Amino acid sequence: MNVFYEEDGSFKVASIMSEAESSMQIESVSGKRSKIKAANVLLRFEAPLSGFLETAQAEAEKLELDFLWECCGESEFNFEDFAQEYYGKKPTHLEAAAIAIRLHSAPVYFNRKGKGRYKAAPADILKAALAGLEKKRLLAEKMAGYVEQLKALTMPEEIMQKRDMLIYEPDKNAFEYKVLDTAAGALHLSHLKLLHACGAIPSVHDYHLGAFLREYFAKGTDFTDAQMSAMPADISFDLPMAEAEAFSIDDSTTTEIDDAFSMRQLDNGVMCVGIHIAAPALGVAIDSELDIAAMHRLSTVYMPGHKITMLPESAIRPFSLDAGQIKPVLSMYLHVNPDFTIAQRHSKVELIKVAENLRHDTLEPYFNETTLAADSGHPYWSKLLFLFNLAESLEKARGKYDPTKPPQVDYNFYVNDGKVSIVGRHRGSPMDKLVAELMIEANSQWGALLASSQVPGLYRAQSGGKVYMTTKAEPHQGLGVAQYSWSTSPLRRAVDLINQRQIMSVVQNQPPVYPQNSDALTTHMRNFELTYKAYSEFQIRMERYWCLQYLIQENVQEIHATVWRENLVRLDNLPYMTKVYGLPELKTGTRVSLQVQEVDTLMMDLRTKFIQVLENEAVVADVPVADDENEVEAA
């Protein structure tokens, strides 16, 4: 005897080996033996077991569902009874099994009510269900068509319309995401790789930029009309005029010139050195449209070839220390003795004429390590030499002077028409040290002024290797100063603008803009710390992008590098570190040659292969530096 039974939602057939009251031992066509419940058995039959189920399924496929539904009526029914009514006679076991299989396969038409029992779905529910099935069928056909287009690297217009969602905020429940996921899986590609191959990411640079803008500039980078018109074009200030003219030292791409210097000879060989900082605090009123914009952006965003300024151009130009113009400044004057010790310091708010904007690229040939001994012929050489000697004296006073320190390299990126050039400059060069040390002096001493006047400010501090921001004057161990307040870049950083307001209140003997225990001051500090870190990480990411783009642009096939640790290396002439899988175990500092195998700017990935160790080559210490070294920003 054989049985037709249900197990795990499907129908099966087997021969009975033995039978108990509520169960039986059976053997399938394949010879597998098992135990089933007697309650699961729908039919017993003597017909040959082999081919029974296949024949019943073939017969079931011939049965038209709509006709079966019309025939069964509204009452609940048993499949065998319905088979007898359908065939007009006592059904064979094959016919009864076919009816059971067909009824079971169509839950939309027939609701199951128990073992072998069904009930026809109501007409309105059936209609809605069939419409839903048809919709799913059409959607499946549509998806299949779109998947084939994507596999052929063609982007369907409907998918393209959801480009931003697919790239930046994938919704796994969306139809477009499912299409992309299916095609990407078939091609063994990541979603981004497939989108790029299909033309949905025409610019890899803009893709990386777009991810940042969506998070930090969701409403765009443009300023509002109110913000751009907040500063009067003919703004003037009733301030005393400085006795000396100033000059600045900046990179050629700098347009927000925050700082400048002046020199004036006093009696007894004393030199009066002026450190002059642009004074937007005089024009950007607290809680004004401009202030709200500055406190929202918190900093200028830098990236190779582009920047997003903290203030609109209409607010930058009246204060930027541009050559040939008279501008308001917050000045710190140092009375420097012939031995370069500082005899006196005082600060004031004033106007100053800017005589010259010196630029790194044109100044460096005339003022570098090799031109310190004799006049190079540059009109500012003697002034620069004096300031450099003062800078070294200040560095020694901080306990940070180390002439044996290996040279480190900073890199400037210049992007023109999509082509990048990456220029290395030795950190600690005379003009770098000059600017850096005078900025440290100003930031440290103005921080001390705020502290001694019991006026709160925003400070950078370092203790135990950890750098953090605080509203109290605390030591910065890395820089070797008792306190350090960012104050020298008020056109480009909100913290500096805030501190400038506080410093000016002390210098001009007025109540501080932010009083003790100011909630606004603490809020701005916290927001700035998080945002500035994100901006910095973005800048590093874009610099890495341009490093990879440079390798593609110059068709670099082989590159030299220095082992940093384990399989991590630093590339020559580029601020880029990467892992080299398969790199043999080598000492830190070992010079190696690498084959460039793949450069992927989309996924920010560089794949290289070790070629050989380079013998007898000096190591240039252009490795990443500690946070304390990065505290100094040479305008």
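One can find the structure itself at the top, above this paragraph.
Residues numbered from 1 in each chain as written. Predicted model: local features only at pLDDT ≥ 70, side-chain atom pairs only at ≥ 80, totals over all residues. Heavy atoms only, no water.

(A) Geometry of the state of the cysteines. In this structure the tally under the stated criterion is zero disulfides. Distance from the sulfur of Cys71, which forms no disulfide, to the nearest cysteine sulfur (Cys72) is 7.8 Å. Cys71 gets classed as partly exposed once you look at its relative accessible area, which sits at 27%. (Disulfide = S-S within 2.5 Å. Buried < 20%, exposed > 50% of the residue type's maximum accessible area, 1.4 Å probe, protein only.)

(B) Focus on the sheet that holds strand E6 (residues 77-78). Here we have three strands laid out as an open sheet, ordered E6-E8-E7, and antiparallel in their pairing. Every interior strand has two partners, whereas the edge strands, E6 and strand E7 (110-114), have only one. Pairing of E6 with strand E8 (residues 117-120) involves two bridges; the strand directions are antiparallel. Its bridge partner being in E8, Phe77 is matched across the sheet by Tyr118. Across the face of the sheet, helix H4 (residues 93-104) comes into contact with E6, E7 and E8 while running at roughly 55° to E8. (Pairing = 2+ DSSP bridges. Helix = DSSP H or I, 4+ residues; strand = E, 2+ residues; numbered from the N terminus. Contact = heavy atoms within 4.5 Å. Axes fitted to C-alpha atoms, helices over the stretch in contact; angles between N-to-C directions.)

(C) Seen up close, the sheet that holds strand E3 (residues 23-27). Pairing is antiparallel across the open sheet formed by five strands, whose spatial order is E4-E3-E2-E1-E5. Every other strand in the sheet has two partners, leaving strand E4 (33-37) and strand E5 (41-45) as the edge strands with one partner each. The average angle at which neighbouring strand axes cross in this sheet is 45°, direction not considered. Note: strand E2 (residues 10-19) against E3, four bridges, orientation antiparallel. Among the inter-strand pairings, Ser15 is bridged to a residue of E3, identified as Glu27. Running at roughly 160° to E5, H4 makes contact with strand E1 (2-7), E2 and E5 of the sheet.

(D) Molecular detail of the packing of aromatic side chains. Across all of its chains, the model carries 25 aromatic pairs by this definition. Positioned above the aromatic ring of Tyr576 is the side chain of Arg544, whose terminal nitrogen or guanidinium carbon lies 4.0 Å from the ring centre. (Phe/Tyr/Trp six-rings, centres within 6.5 Å; stacked < 30°, edge-to-face > 60°. Lys NZ or Arg CZ within 6 Å of the ring centre and 35° of its normal.)

(E) Representation of helix H8 (residues 175-187). An ideal rise of 1.5 Å per residue puts 18 Å on 13 residues; H8 measures up with 19 Å between its terminal C-alpha atoms. Those residues of H8 not exposed but buried are Phe175, Glu176, Tyr177, Val179, Leu180, Ala183 and Ala184. On its buried side, H8 packs onto helix H5 (123-151), helix H6 (157-160), helix H7 (163-168) and helix H9 (191-197). (Expected span 1.5 Å × (residues − 1).)

(F) Fine view of the pattern of salt bridges. Under the defined criterion, the tally for this structure stands at 30 salt bridges. Between Arg264 and Glu243 there is a salt bridge whose closest N-O contact spans 3.3 Å. Of this pair, Arg264 sits in strand E10 (residues 259-265) while Glu243 sits in the loop between helix H11 (225-228) and strand E9 (246-250); the two residues are 21 residues apart in sequence, bridging distant segments of the chain. Taking the relative accessible area as the measure of exposure, Glu243 reaches 66% and is therefore exposed. (Salt bridge = Lys/Arg side-chain N within 4 Å of Asp/Glu carboxyl O.)

(G) Structural view of the environment of Ala183. Residue position: Ala183 is located in helix H8. Not counting chain neighbours up to four residues away, the residues in contact with Ala183 comprise Val147, Leu150, Lys151 and Leu194.

(H) How the structure looks around the side chain of Thr608. If you trace the backbone, Thr608 turns up in strand E24 (residues 605-613). In this structure, Thr608 is in contact with Val580, Leu594, Gln595, Val596 and Gln597, ignoring residues within four places of it in sequence.

(I) Inspection of unusual backbone geometry at higher detail. With a phi angle near 55°, Asp417 is a residue other than glycine that sits in the positive phi range. Counting through the fold element by element, Asp417 comes out in the loop between strand E16 (408-416) and strand E17 (419-427). For Asp417, a relative accessible area of 86% translates into the label exposed. At Asn509, a residue that is not glycine, the phi angle is positive and equals roughly 55°. Relative to the helices and strands, Asn509 is located in the loop between helix H17 (494-507) and helix H18 (519-553). On the basis of relative accessibility, which here comes to 72%, the residue Asn509 falls in the exposed class.

(J) Spotlight on the pairing of strand E18 (residues 459-463). With four of its five residues buried, E18 lies for the most part within the structure. Here E18 runs beside strand E19 (residues 466-470); their pairing, made up of five bridges, is antiparallel. Paired with Ala461 across the strands is Tyr468, a residue of E19. The hairpin turn running from E18 into E19, its antiparallel successor, is two residues long, and Gly464 in that turn takes a positive phi close to 60°.

(K) Structural context of the environment of Leu290. If you trace the backbone, Leu290 turns up in helix H12 (residues 289-297). Remark: the alpha-carbon pair of Leu290 and Ala152, spanning 138 residues in sequence, is separated by 51 Å.

(L) Structural detail: the nonpolar core. Within the largest apolar cluster, 81 residues are counted, with the highest numbers of intra-cluster contacts made by Ile249, Phe261, Leu384, Leu387, Leu390, Leu434 and Leu438. The leading source of residues in this core is helix H16 (residues 430-452), at nine residues. If near-sequence neighbours (up to four positions away) are discounted, Leu438 is found in contact with Phe261, Ile275, Leu334, Leu387, Leu390 and Leu394. Counting residues in each nonpolar core, the second largest holds 59 residues, with Ile159, Phe175, Leu180 and Leu551 among its members. (Core = buried A, V, L, I, M, F, W, Y, C linked by side-chain atoms within 4.5 Å.)

(M) Representation of helix H10 (residues 204-216) within the structure. Its 13 residues place the ends of H10 19 Å apart at the C-alpha level, agreeing with the 18 Å of an ideal helix rising 1.5 Å per residue. Along H10, the residues classified as buried are Val204, His205, Tyr207, His208, Leu209, Gly210 and Phe212. Of the surrounding secondary structure, the elements contacted by the buried residues of H10 are H7, H9, strand E12 (301-303), strand E13 (306-308) and H18.

(N) Here's a closer look at the pairing of E24. As judged from the eight bridges shared by strand E23 (residues 591-600) and E24, these two strands associate in the antiparallel manner. Across the sheet, Val596 pairs through a bridge with Thr608, a residue of E24. Between E23 and E24, which follow one another and run antiparallel, lie four residues, and Met604 among them has a positive phi close to 55°.

(O) Examining the packing of helix H1 (residues 52-61) against H4 more closely. Close contact between H1 and H4 brings their axes to 8 Å; oriented N to C, the two are set at 60°. One finds that H1 runs oblique with respect to H4. Once H1 is placed against H4, the crossing between them reads as right-handed. Across the interface between the two elements, Phe52, Leu53, Thr55, Ala56, Gln57, Glu59, Ala60 and Glu61 of H1 pack against His93, Leu94, Ala97, Ala98, Ile101 and Arg102 of H4. Residue composition of the contact of H1 with H4, by class: eight nonpolar, three polar and three charged. (Parallel < 35°, antiparallel > 145°, perpendicular 65-115°, else oblique. Left-handed = near helix turned anticlockwise from the far one by under 90°. Nonpolar A, V, L, I, M, F, W, Y, C, P; charged D, E, K, R; others polar.)

(P) Representation of the packing of H5 against H8 within the structure. Between H5 and H8, the least distance of the axes is 9 Å, while the angle of their chain directions is 50°. Relative to H8, the element H5 lies oblique. The way H5 lies across H8 gives a crossing that is right-handed. Here Leu139, Lys142, Met143, Tyr146, Val147, Leu150 and Lys151 of H5 lie close against H8, whose contacting residues are Phe175, Lys178, Val179, Leu180, Thr182, Ala183, Ala186 and Leu187. Of the residues in the contact of H5 with H8, the class split is 11 nonpolar, one polar and three charged.

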